[in-house]
Amino acid sequence: MKILVIQIKMIGDVLTSSILFEALRKEFPEAELHYMIYEHTYPVVQNNPNIDKIIFTDKDNSLRSLIQMTKKEKYHAVIDVYSNLKTALITGLSGAKYRIAYNKKYTRPLCTHVFSRNIQAQTIAGAAIEKRMRMLSPLSSNFPIEIKPKIFLTEEEKKEAKQKLEISKIDLSKPLYMIGALGSSEKKTYPLPYLAEMLDEIVRESGANLLFNYVPSQKTDIENIYQLCQPETRKHIHLNIYGKSLREFLVLTSHCDGLIGNEGGAINMAKALDIPTFAIFSPPLNKENWNIYEDGKKNVSVHLKDYQPELFQNKTFKELSKDNTELYNKLKPSLFTDKLQHFLKHNSK
C-alpha cells in the first residue's frame, strides 16, 4: 500500500504536515509513504525515518507529468494538505481510492473526502495540528487527535555546531538565545526599535548571549538592530555566527535555550526541536491558528489582541492588514515585559 501526502510551499507548513507520517507509520507499518514538497523545504524533513520517498514538485515537473506519476504509482490514498487547484488536480486524477483534501469548490468534485479548515482546537496542539490529523480519519479511526512535529538531527551535526560555538568563544554555561529578528516579510516583522528594546531587556534580565537568524542579504537590517541596542547588549550579540543554510540554522538552534522573535517558520522549527519559544504575532494573523503547543511557560506568544481586543472587533483580515503598521506600533514591549521576564526565568540555565 502506498500513500502520498502533498504539502508544497512554506517551510513551516511542510514541517507541520510531516506529523501525518508518524501517525501513518504507526497505523500502517508496512505502507510506503511518499511526500511531495518543494526542494528548499527538504531540510526540515531530512532524516525523517517515517518518510520513504521525497518527490520535489518544483524540479521541472509539469502538471501533466505529476498527474502521470501519481497514476503510475497506484496510490491507495492521496492526502492533499495544500489544496490549491494544481494539487487538487494531481489528487483528483491520481486514481487513488482515497482522495482527501480541504473543502473548496474545486476539491469537492475531485476528492472522495473533504474537510473544513475552520475548527476549534480541543488540545494545546492547536488548530494547525488538529485539522491536519483529522484528514487521516477516512483511513482509520485509530489515529490520535494530535502529534507534535519533530526534526531529526544527527549527532555529528550537533557535535560540529557545538564546536563552532566553542571556537567562537561562546560560553555555553550561560543562556544562549536565537533571535528571529526579521519576519518572512516586512508586514510580519516586529518594529526594529521595539525589538532592540526587547534585546536590551533579555540581556539585562538573563545575561544571555544572542545569535541572529538571518541570511547575508538581510545583513543591513540586522546591523541596524545591532546599532539600536544599548552598548552593553551589543557585547552579547554574535553576528558572525549564523546558519549559512537552513540545516545549519536548525543545528545551531538545537544548542540554544530558546528562540525569541517573529512568529513564523523559525518558531515552528524550534518547537519541533523541543526548544522553548517566545513568538510575536503580526496584528492581522489569527493567533489561534498557529500558537501550537503553547503552555505559557515553555512556549509563549504575544499578540496585540491580547491587550487591546477592542481594536479587532468586527475587523476583516484585509482591514487589519491595511492598518498593520499602526497596529504593530501599539504593541509596545512594555505591554509584555512581565511575560518575557517569566519566559526567561523559566527557560534560562
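Scroll up to find the structure this text is about.
In what follows, the accompanying structure is described. (Residues numbered from 1 in each chain as written. Predicted model: local features only at pLDDT ≥ 70, side-chain atom pairs only at ≥ 80, totals over all residues. Heavy atoms only, no water.)

**Considerations on the overall build of the chain**
- Of regular secondary structure, the chain possesses 16 helices and eleven strands.
- Relative to the compact-globule value of 20 Å for 349 residues, the chain shows a C-alpha radius of gyration of 21 Å, a close match.
- Looking at the 349 residues of the chain, the share that counts as buried comes to 53%.
- A fraction of 61% describes how many contacts in the chain between residues 6 or more apart in sequence connect residues 24 or more apart.
- For the chain, the computed accessible surface area is about 16,200 Å², with 49% contributed by carbon and sulfur atoms. (Helix = DSSP H or I, 4+ residues; strand = E, 2+ residues; numbered from the N terminus. Rg over C-alpha atoms; globule rule 2.2 N^0.38 Å. Buried < 20%, exposed > 50% of the residue type's maximum accessible area, 1.4 Å probe, protein only. Contact = heavy atoms within 4.5 Å. Areas by Shrake-Rupley, 256 points an atom, 1.4 Å probe, with all protein chains shown as cover.)

**Topic: the sheet that holds strand E11 (residues 299-302)**
- Judged by pairing direction, the sheet is parallel, and its five strands sit side by side in the order E8-E7-E9-E10-E11 without closing on themselves. Each end of this open sheet is capped by a strand with a single partner; those strands are strand E8 (209-212) and E11. Put simply, the sheet's adjacent strands are angled 20° from each other on average, direction ignored.
- In terms of strand pairing, strand E9 (residues 258-262) meets strand E10 (residues 277-280) through four bridges, oriented parallel. Bridge pairing in E10 places isoleucine 260 opposite phenylalanine 278. (Pairing = 2+ DSSP bridges. Axes fitted to C-alpha atoms, helices over the stretch in contact; angles between N-to-C directions.)

**Examining the pattern of salt bridges**
- Per the stated rule, a full pass over the model turns up 16 salt bridges.
- Across the pair glutamate 22 and lysine 26 runs a salt bridge, and its minimum N-O distance is 3.2 Å. Note that glutamate 22 and lysine 26 are positioned in helix H2 (residues 19-27) at a spacing of four residues, about one turn of the helix.
- When the shortest N-O distance is used, the salt bridge between aspartate 274 and lysine 298 registers 2.7 Å. Note that aspartate 274 is positioned in the loop between helix H11 (265-272) and E10 and lysine 298 in the loop between helix H12 (287-290) and E11, a separation of 24 residues in sequence.
- Linked by salt bridges that have partners in common, Lys2, Lys53 and Glu73 make up one network. (Salt bridge = Lys/Arg side-chain N within 4 Å of Asp/Glu carboxyl O.)

**Details of the nonpolar core**
- If you look at the biggest cluster of nonpolar residues, it comprises 59 residues, and the most contacted ones within it are Leu24, Ile79 and Leu139.
- Excluding residues that lie within four positions of it along the chain, leucine 24 makes contacts with Ile3, Val5, Pro29, Leu33, Ile79, Leu136, Leu139 and Phe143.
- Core analysis: the next-biggest nonpolar cluster, separate from the first, contains 38 residues, Tyr177, Tyr190, Phe212 and Val302 among them. (Core = buried A, V, L, I, M, F, W, Y, C linked by side-chain atoms within 4.5 Å.)

**Quick word on the sheet that holds strand E3 (residues 53-56)**
- The strand order across the open sheet built from six strands is E3-E2-E1-E4-E5-E6, with neighbouring strands paired in parallel fashion. Across the chains shown, the open sheet's two edge strands, defined by having one partner strand only, are E3 and strand E6 (113-115). Averaged over all adjacent pairs, the angle separating strand axes in this sheet is 15°, with direction ignored.
- In this sheet, strand E5 (residues 98-102) lies alongside strand E4 (residues 77-80) in parallel orientation, the contact comprising four bridges. Bridge pairing in E5 links valine 78 to arginine 99.
- In this fold helix H4 (residues 85-92) packs onto strand E1 (2-6), strand E2 (32-37), E4 and E5, with an angle of close to 170° to the strand it touches most, E4.

**A short note on the side chain of arginine 25**
- Mapped onto the secondary structure, arginine 25 falls in helix H2.
- Excluding residues that lie within four positions of it along the chain, arginine 25 makes contacts with Ala31, Leu33, Asn50 and Asp52.

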